[in-house]
Structures are given as C-alpha cells and as structure tokens.
Amino acid sequence: MAPKVNLTKRVRLGDELRYCPVVEAANGRVRPHVVMVDGREERHAEGAYYIEWREGTRRVRLSVGNDPAEAWVRQKKKKAELEAIANGVPLASANGATDRQLLSVAVAEYLEEVKLTSKPGTLAGYTTSLDYFTESCHKLSLGDVDRRDLLKFVAFLRDEKGHSSRTCWNKFNNVVSFLKSRGIHGLVKKTDWPRYTEEEPEVYEREDLDALFAACDADELLGYEFFLMTGMREQEVMHTEWSDVNLKSSTVKVTHKPDRAWTPKVYKEREIPIPARLTASLKAWKAKANGCALLFPTAGCNLKTNFLYDLKAIAERAGLRQDEFWLHKFRSTFATWHLWSGVDLRTVQQWLGHSDMKSTMRYLKPSREAKTHDKVNATFA
C-alpha cells in the first residue's frame, strides 16, 4: 500500500483553530488558501499548511508554512521519501550522509531520553521548545537543519509567539542542546544567540512584608516566614519533612525524597541555618503536626500546592498589589538581605544551592538601608 500524505491548513473558525483539507485545482495543484469547511469551500489566507502521515500507529503532523505552492511541493517530496524508505532506498541528506532520520522522530526519541533522566518541569520546557521549533522549521529530515532554520526559529518566537528576549534565549538553548545530542554542532555563531538584558532580582521592602505578615493568620505567617528565612524554592518547601528539621541545631535540610520521586534542583542536597525566631515557631507547629511527615501538608497529609494562590489572596487582604507578590521573591530577599548583612558569597551560594557563583552574585546589589544613604551624603557633603 502506497504511503499516504495529507495536506491540510490550520485556519481560524470563530473561536477555534481547525485543520481543514485543502482544495485541489484541475491540474492537481493546490488552490491558494482555499479549504473545505463542513463540506463547502472557503478562502482563508491566514494560518499555515500542514502535511500529515503515519509512522506505524502514530500520526505525524508538520507545519510547511503559508505558501500553497511550497506546501504542495513538500507534500509530494514527503510522499516520495516515504515510498523510497518503504522500498529500502537510502536517502542522502544535505551534507551527503545517508542517515535521513526524520526530524519528528529525532525529537520524539530525544524527549523520551529527557523523560527518563530529568524532572517533569525540564521535560515540559524541552517539549514546548521543540514543538515550537518543528512548527517554525519546515525541514523533514534532521540532517537538513541548518543555521538559517535556527535564525528563523528566534524570529518565530519573537514575532509569532511574542516571547521575551530571555524566553527566546532559553528555548533557543534547548534546541541547540537537542541538536548537539544528535551530533550536530557549530550551526550558529556566538552572535546568532538571542540577546537579553539580565534583570536584577526583585526583593521585598520591609514595610510590605510587615503589612503582608500582619494580614496572615498564625499558620500562614509560619509558612511564608519559612520561605523568607530559608530561601528555599517552592518545590523544596512543599517536600520538606520533619526529618529534615533539626530544632536543636536550628537547621533545615533540603534532601532527596525517593518515595515521592522528587530530587532537589541540580541534585544537590544542602543544609540551611535558621534564626531562633523561626525555630521557636516550628517547635510550636510540631506540637500540632498530627503525625504527618510533611512540614506543610494539606488536611489529608498531601503536598500543599497552593502557596502562591494563598499568597496572592493575603496580599489582596492586606490592601497590597497582588502582582508584586510571588514565591521566588522571598528567595531573592533571603539572599540579598544575607549579603547586605555581611554573609560571604560562598556561604550564601551554598545555602541557596546554586551550582555556580555567578548565579549568587546577581543578588549582590547595592544596599538601600539608611546607613548607606548616610555614606552617600557624607561623600558629597
């Protein structure tokens, strides 16, 4: 049975996007931007054409751009390629190699590897990046991907998806990592990478924290003081258990939780000292723990996942702007305040669990304390 390759166009119909069959002209070519919608012909200039085929039981769909003539050519090329593969004919790639692995297959294999070796968040990031890349890159074979495809990908992220420069960089980096894993190196120059301005981490003003904490009940207060005084990430706080807390030495550990299939970021366990004030609060909190291993569980002793939602609600209750409150800002404040108070960079790096000093140095920002302004005034007195 001859391989079948369908050509559709993704168009907007009211509030939805739909893949609609194209309409052929008398000469067998595609009628430009004409598709079948519920049995009738309609013209839709918007949207992109897609070719579809089967690889075993799996349907593969690939964007081939908005040009109807190019889309028709790509459909015919793909059909010829599938027929050649079915007949055992080796196909040469753009660089002369006979390895003509489909781009879609290479992406699927890579994501399977990421799934086996990385956390769900990492997999989600790579999946989105590579989905966007295959949407913007109209090459069928991995060996045909070139520098221009990567430059077009950056423009696609910026212009079509409206991503920030930093997000473009992240997704570009994910695609480059994918290509390197497949033995493809040196496609882009240093100047080809998206550029972005490194923004300073934002920290909470003390008066805003005072207002926020004043609006908390006792349980909420402990939870968000814990974020502030440990500098831990949300997932780390969620997975903290009483076995990680040493009330005698006033420390808390970030540790691997194999029973919950969770590991710390970059697989680094660490110990963080906590102030006596937080230790006293945790002692009182432990008396009400009811035997649950988690430090901040739900009523059913499950992971608490609504820290951010509750934080926004408390900010609103306190008459503060919700968009100025998020969980990672506690971590930024923890690092910045410690550095302002004289704790050395290497120690703060260890407490934060950073793998390099550069990440920690972002928090080494000028102090806004009154004594700093006194020094500035003295300089220009």
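Residues numbered from 1 in each chain as written. Predicted model: local features only at pLDDT ≥ 70, side-chain atom pairs only at ≥ 80, totals over all residues. Heavy atoms only, no water.

Q: I'd like a description of the sheet that holds strand 7 (residues 245-246), backed by residues and values.
A: Sheets are built from strands that pair by backbone hydrogen bonding, the pairs being arranged parallel or antiparallel. The three strands are arranged 7-8-9 in an open sheet whose pairing can be described as antiparallel. Two strands close off the open sheet at either side, each with one partner strand: strand 7 and strand 9 (270-273). The sheet contact formed by strand 8 (residues 251-254) and strand 9 spans four bridges and is antiparallel. Within the sheet, the bridge partner assigned to Lys253 lies in strand 9 and is Glu271. (Pairing = 2+ DSSP bridges. Helix = DSSP H or I, 4+ residues; strand = E, 2+ residues; numbered from the N terminus.)

Q: Quick one: what's the story with the sheet that holds strand 2 (residues 16-24), residue by residue and with numbers?
A: Strand order in the open sheet made by the six strands is 4-3-2-1-5-6, with antiparallel pairing throughout. Because the sheet does not close on itself, it has two edges, and the strands there are strand 4 (40-43) and strand 6 (58-63). Each neighbouring strand pair of the sheet contributes to a mean axis angle of 45 degrees, computed without reference to strand direction. (Axes fitted to C-alpha atoms, helices over the stretch in contact; angles between N-to-C directions.)

Q: An account of the packing of aromatic side chains is requested, with residue identities and associated values reported.
A: Counted according to the given criterion, the structure contains 19 aromatic pairs. On the basis of an interplanar angle of 85 degrees and a centroid distance of 5.1 Å, the ring pair of Tyr19 and Tyr50 is categorised as edge-to-face. Of this pair, Tyr19 sits in strand 2 while Tyr50 sits in strand 5 (residues 48-55); the two residues are 31 residues apart in sequence, bridging distant segments of the chain. Looking at Tyr19, the relative accessible area reads 29%, which means it is partly exposed. Arranged with centres 6.1 Å apart and planes meeting at 35 degrees, the rings of Trp285 and Phe296 form a pair that is tilted. In this pair, Trp285 is assigned in helix 9 (residues 276-286) and Phe296 in the loop between helix 9 and helix 10 (307-317), connecting sequence segments 11 residues apart. (Phe/Tyr/Trp six-rings, centres within 6.5 Å; stacked < 30°, edge-to-face > 60°. Buried < 20%, exposed > 50% of the residue type's maximum accessible area, 1.4 Å probe, protein only.)

Q: So what's going on with the state of the cysteines? Which residues, and what values?
A: Enumeration according to the criterion identifies one disulfide in this entry. With its sulfur 2.0 Å from that of its partner, Cys292 forms a disulfide with Cys301. On the S-S bond that ties Cys292 to Cys301, the torsion sits near 85 degrees, and the link is right-handed. Taking relative accessible area as the criterion, Cys292 reaches 9% and is therefore assigned buried. For the unlinked cysteine Cys137, the closest cysteine sulfur is that of Cys168, found at 17 Å. Judged by its relative accessible area of 1%, Cys137 is buried. (Disulfide = S-S within 2.5 Å.)

Q: Requested: an account of the pairing of strand 8, with residues and values cited.
A: Pairing between strand 7 and strand 8: two bridges, direction antiparallel. Bridged to Asn246 within strand 8 is Thr251. Counted along the chain from strand 7 to the antiparallel partner strand 8, the turn is four residues long, and its residue Ser250 has a positive phi close to 55 degrees.

Q: Now, about the nonpolar core: what can you tell me, with residues and values included?
A: Residues Leu212, Tyr224, Phe226, Leu282 and Phe330 are the most contacted members of the largest nonpolar core, which totals 44 residues. Counting residues per element, the ones that place at least two in this core are helix 6 (206-214), helix 7 (218-230), helix 8 (234-238), strand 8, helix 9, helix 10, helix 11 (328-340) and helix 12 (345-352). For this core, the leading source of residues is helix 7, giving six residues. Ignoring any residue separated from it by four or fewer positions in sequence, one finds Tyr224 in contact with Phe213, Phe307, Asp310, Leu311, Ile314, Leu327 and Phe330. (Core = buried A, V, L, I, M, F, W, Y, C linked by side-chain atoms within 4.5 Å. Contact = heavy atoms within 4.5 Å.)

Q: An account of the packing of helix 3 (residues 120-136) against helix 5 (residues 165-181) is requested, with residue identities and associated values reported.
A: The geometry of helix 3 relative to helix 5 is characterised by a closest axis approach of 9 Å and an angle of 85 degrees between their N-to-C directions. The angle between the axes of helix 3 and helix 5 places the two elements in the roughly perpendicular class. Between helix 3 and helix 5, the contacting residues are Gly125, Tyr126, Thr128, Ser129, Leu130, Tyr132 and Phe133 on the first element and Lys171, Asn174, Val175, Ser177 and Phe178 on the second. Class assignment for the residues of the contact of helix 3 with helix 5 results in six nonpolar, five polar and one charged. (Parallel < 35°, antiparallel > 145°, perpendicular 65-115°, else oblique. Nonpolar A, V, L, I, M, F, W, Y, C, P; charged D, E, K, R; others polar.)

Q: Can you tell me about helix 2 (residues 103-117), naming the residues and giving the values?
A: The end-to-end C-alpha distance of helix 2, which contains 15 residues, comes to 21 Å, matching closely the 21 Å that a straight helix rising 1.5 Å per residue would cover. Within the span of helix 2, buried status applies to Leu103, Ala106, Val107, Tyr110, Leu111 and Val114. Buried residues of helix 2, viewed axially, fall in a sector of 130 degrees; they line one side. Facing away from the buried surface of helix 2 by more than 90 degrees, the exposed residues are Lys115 and Leu116. Looking at the buried positions of helix 2, the neighbouring elements they touch are helix 3 and helix 5. (Expected span 1.5 Å × (residues − 1). Arc of directions from axis to C-beta.)

Q: Can you lay out the packing of helix 2 against helix 5 for me, pointing to particular residues and giving the numbers?
A: Viewed as axis vectors pointing N to C, helix 2 and helix 5 meet at an angle of 95 degrees, and their least axial separation amounts to 11 Å. The pairing of helix 2 with helix 5 is recorded here as roughly perpendicular in orientation. Each of Leu103, Ala106, Val107 and Tyr110 in helix 2 lies in contact with helix 5, whose residues at this interface are Ser177, Phe178 and Ser181. Broken down by class, the residue content of the contact of helix 2 with helix 5 amounts to five nonpolar, two polar and no charged.

Q: Residue-level account of the environment of Ser250, with values.
A: Within the element layout of this structure, Ser250 appears in the loop between strand 7 and strand 8. When the C-alpha atoms of Ser250 and Lys115 are compared, they prove to be 37 Å apart, with 135 residues separating the residues in sequence. The residues touching Ser250, leaving out its near neighbours within four places in the chain, are Ile272, Pro273, Ile274 and Thr279.

Q: Describe the environment of Glu316, with residues and values.
A: Within the element layout of this structure, Glu316 appears in helix 10. For Glu316, a relative accessible area of 53% translates into the label exposed. Taking the C-alpha atoms as reference, Glu316 lies 9.1 Å from Leu212; in sequence the two are 104 residues apart.

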